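The residues making up each chain are set out below.
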Amino acid sequence: MRTGDFDYVLPEERIAQTPAEPRDASRLLVLDRDEPSGQLEHRSFCDLTEYLRPGDLMVFNRSRVIPARLYGTETRSGARVEVLLVRRQEPGIWQALGRPGRRLRVGARVTVEAHDGSRSTQVEILEALENGLRLVRVSDESALGGLGELPLPPYIKETPDDPERYQTVYADAPGSVAAPTAGLHFTEALLDRIRSYGVTTAWVTLHVGLDTFRPVHGEDIAEHKIHTEWFEMPEDTAAAINAARRAGSRIIAVGTTTVRTLEHVEIQASAGDADLFILPGHRFRLVDAMLTNFHLPRSTLLMLVSAFAGRERILAAYEEAIRREYRFYSFGDAMLLL
């Protein structure tokens, strides 16, 4: 396989700049892997319950996006710099990206201050890591909520009026630098309706990290190193998965981050680092169906959904979605892969 095997051309106007209103008014493209003709169904996301069965288990990622993008002043030069906190290693210590890189050498200090001067924190560059990363110390993590900004992807040019639109309604575990976007379509009312159908809901946590911002460079996929992301499988979720397996019920993963968590772990209460790179040829152990958004060309996420539904079928579905003017990426429409 080559990276170019997962490429497609997306007109810029198909990149969603704002979320659907309400959340479940987005469109839903349904691909049934057992349908030999490859026929697709074009629905609204609020129709999702028509594809669910009593006994199904839906698993969601409850991670919450943190205000990880910091703008400040490098103390020696007075230059304005940007620091993006990527992953918390321990209290006060983070992996981060920064620009301009020449201002963020080891020993540099960046002061991040509120507009009215009421709060501030300092970021110290401790070590240069691989792939442009820095190890940094944040002097006062408690100040981040009032100083940082949500790290919207670079293809979104408009900041939403309500920052909560870049969070799922159930997000309660801070730690991600990008939203698990398949979950953005759910409302509390839709979740209640899903449960009323006899569907069980369960939760994992996977903090979305650096690979969301990193394309696959080069044509040899085997040379791409996927970064680790912290996950947690709670005991009650492990029990629900085991119960669903015993009952022969479907396990439906909401989002590629949930897929990676479920396919990485042993089904027991656990936490740690997930680094599973899912490519065509992967044998899925747990996931029977998935909800996902439309992903960037040449990305690890497009490779993951291709592993689940087949590269040719996914690329054909994307081509049809473009023709029918679906909205793509984080604030875009969704796919249901059965």
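Everything that follows concerns the structure shown earlier in this document.
Residues numbered from 1 in each chain as written. Predicted model: local features only at pLDDT ≥ 70, side-chain atom pairs only at ≥ 80, totals over all residues. Heavy atoms only, no water.

Student: In this structure, what is going on with the nonpolar core? I would like to understand it.
Tutor: Core analysis: the largest hydrophobic core is formed by 64 residues, its most contacted members being Leu262, Met290, Tyr318, Phe328, Met335 and Leu337. Looking at this core, the element that brings in the most residues is helix 5 (residues 300–309), giving 7 residues. The contacts of Leu262, once residues within four sequence positions are left out, are Val59, Val204, Met233, Ile241, Ile251, Ala253, Ile267, Arg285, Leu286 and Val287. Val123, Ile125, Val136 and Ala143 belong to the second-largest nonpolar core, a separate cluster that totals 25 residues. (Core = buried A, V, L, I, M, F, W, Y, C linked by side-chain atoms within 4.5 Å. Buried < 20%, exposed > 50% of the residue type's maximum accessible area, 1.4 Å probe, protein only. Helix = DSSP H or I, 4+ residues; strand = E, 2+ residues; numbered from the N terminus. Contact = heavy atoms within 4.5 Å.)

Student: For this particular structure, what's the right way to read unusual backbone geometry?
Tutor: Excluding glycine, residues mostly have negative phi values, and the peptide bonds linking residues are mostly trans. With omega at -5°, the peptide bond leading from Glu21 into Pro22 counts as cis. The peptide bond linking Arg99 to Pro100 adopts the cis configuration, its omega dihedral lying at -5°. You can see Pro100 is positioned in the loop between strand 7 (93–99) and strand 8 (109–113). The phi torsion at Arg298 lies on the positive side, around 60°, for a residue other than glycine. With respect to the secondary-structure elements, Arg298 resides in the loop between strand 16 (289–293) and helix 5. We classify Arg298 as partly exposed; its relative accessible area is 23%.

Student: Would you mind going over the packing of aromatic side chains with me for this structure?
Tutor: Two numbers describe a pair of aromatic rings. These are the distance of the centres and the angle of the planes. In this structure the tally under the stated criterion is 15 aromatic pairs. Relative to Tyr318, the ring of Tyr8 has its centre 5.2 Å away and its plane inclined at 80°; by these criteria the two rings are edge-to-face. One end of the pair, Tyr8, is in the segment before strand 1 (27–31); the other, Tyr318, is in helix 6 (residues 311–323), with 310 residues separating them in the sequence. Comparing Tyr8 with Tyr318, the two get one shared label, buried. (Phe/Tyr/Trp six-rings, centres within 6.5 Å; stacked < 30°, edge-to-face > 60°.)

Student: Even after reading the chapter, I still don't get the pairing of strand 3 (residues 57–61), so can you show me in this structure?
Tutor: Taken residue by residue, a regular strand's side chains alternate between the two faces of the sheet. For strand 3, the buried fraction is high: 5 of the 5 residues fall into the buried class. As judged from the 5 bridges shared by strand 3 and strand 12 (residues 200–206), these two strands associate in the parallel manner. Its bridge partner being in strand 12, Phe60 is matched across the sheet by Trp203. Pairing between strand 3 and strand 14 (residues 251–254): 3 bridges, direction parallel. Looking at strand 14, one finds that Val59 is bridged to Ala253. (Pairing = 2+ DSSP bridges.)

Student: Honestly, the pattern of salt bridges in this entry has me stumped. Any pointers?
Tutor: It is possible for side chains bearing opposite charge to pair when their charged atoms get close. Tallied over the full model, the rule gives 22 salt bridges. Note that Arg250 is salt-bridged to Asp56, the shortest N-O span being 2.6 Å. Of this pair, Arg250 sits in the loop between helix 3 (235–247) and strand 14 while Asp56 sits in the loop between strand 2 (40–44) and strand 3, placing them 194 residues apart in sequence. With relative accessibility at 13%, the residue Arg250 sits in the buried group. Of the residues examined, Asp56 reaches a relative accessible area of 2% and is grouped as buried. Here the residues in one salt-bridge network are Glu41, Arg43, Asp47 and Glu50, joined through shared partners. (Salt bridge = Lys/Arg side-chain N within 4 Å of Asp/Glu carboxyl O.)

Student: It is not clear to me how the sheet that holds strand 16 should be interpreted in this structure. Could you clarify?
Tutor: Hydrogen bonds between backbone groups are what pair the strands of a sheet, and the pairing can be parallel or antiparallel. Spatially, 2-1-17-16-14-3-12-13-15 is the arrangement adopted by the 9 strands of the open sheet, whose pairing is mixed. One side of each edge strand has no neighbouring strand; the edge strands of this open sheet are strand 2 and strand 15 (270–274). Between one strand axis and the next, the sheet turns through 25° on average, direction left out of account. Pairing of strand 1 with strand 2 involves 5 bridges; the strand directions are antiparallel. Looking at strand 2, one finds that Arg27 is bridged to Ser44. Relative to the sheet, helix 4 (residues 256–264) contacts strand 3, strand 12, strand 13 (229–233), strand 14, strand 15 and strand 16, its axis offset from that of strand 12 by approximately 85°. Along the sheet, helix 5 makes contact with strand 1, strand 16 and strand 17 (334–337), crossing strand 16 at roughly 150°. (Axes fitted to C-alpha atoms, helices over the stretch in contact; angles between N-to-C directions.)

Student: Honestly, the sheet that holds strand 10 (residues 134–138) in this entry has me stumped. Any pointers?
Tutor: Ordered in space as 5-6-7-10-9-8, the 6 strands form a closed barrel in which the pairing is antiparallel. Going from strand to strand, the sheet's axes swing by 45° on average, the running direction of each strand aside.

Student: How should the side chain of Glu263 be read in this particular structure?
Tutor: In this fold, Glu263 is placed in helix 4. There is no salt bridge for the buried Glu263, and the closest opposite charge comes from Arg285, which lies 4.2 Å off by N-O distance. For Glu263, the side chain forms a polar contact with the side chain of His282, separated by 3.0 Å. Setting aside its immediate chain neighbours within four residues, Glu263 contacts Leu276, Ile278, His282, Arg283, Phe284, Arg285, Leu286 and Val287. (Lys, Arg positive; Asp, Glu negative; His and termini not counted. Polar contact = N/O pair within 3.5 Å; in protein donor to acceptor, adjacent residues only side chain to side chain.)

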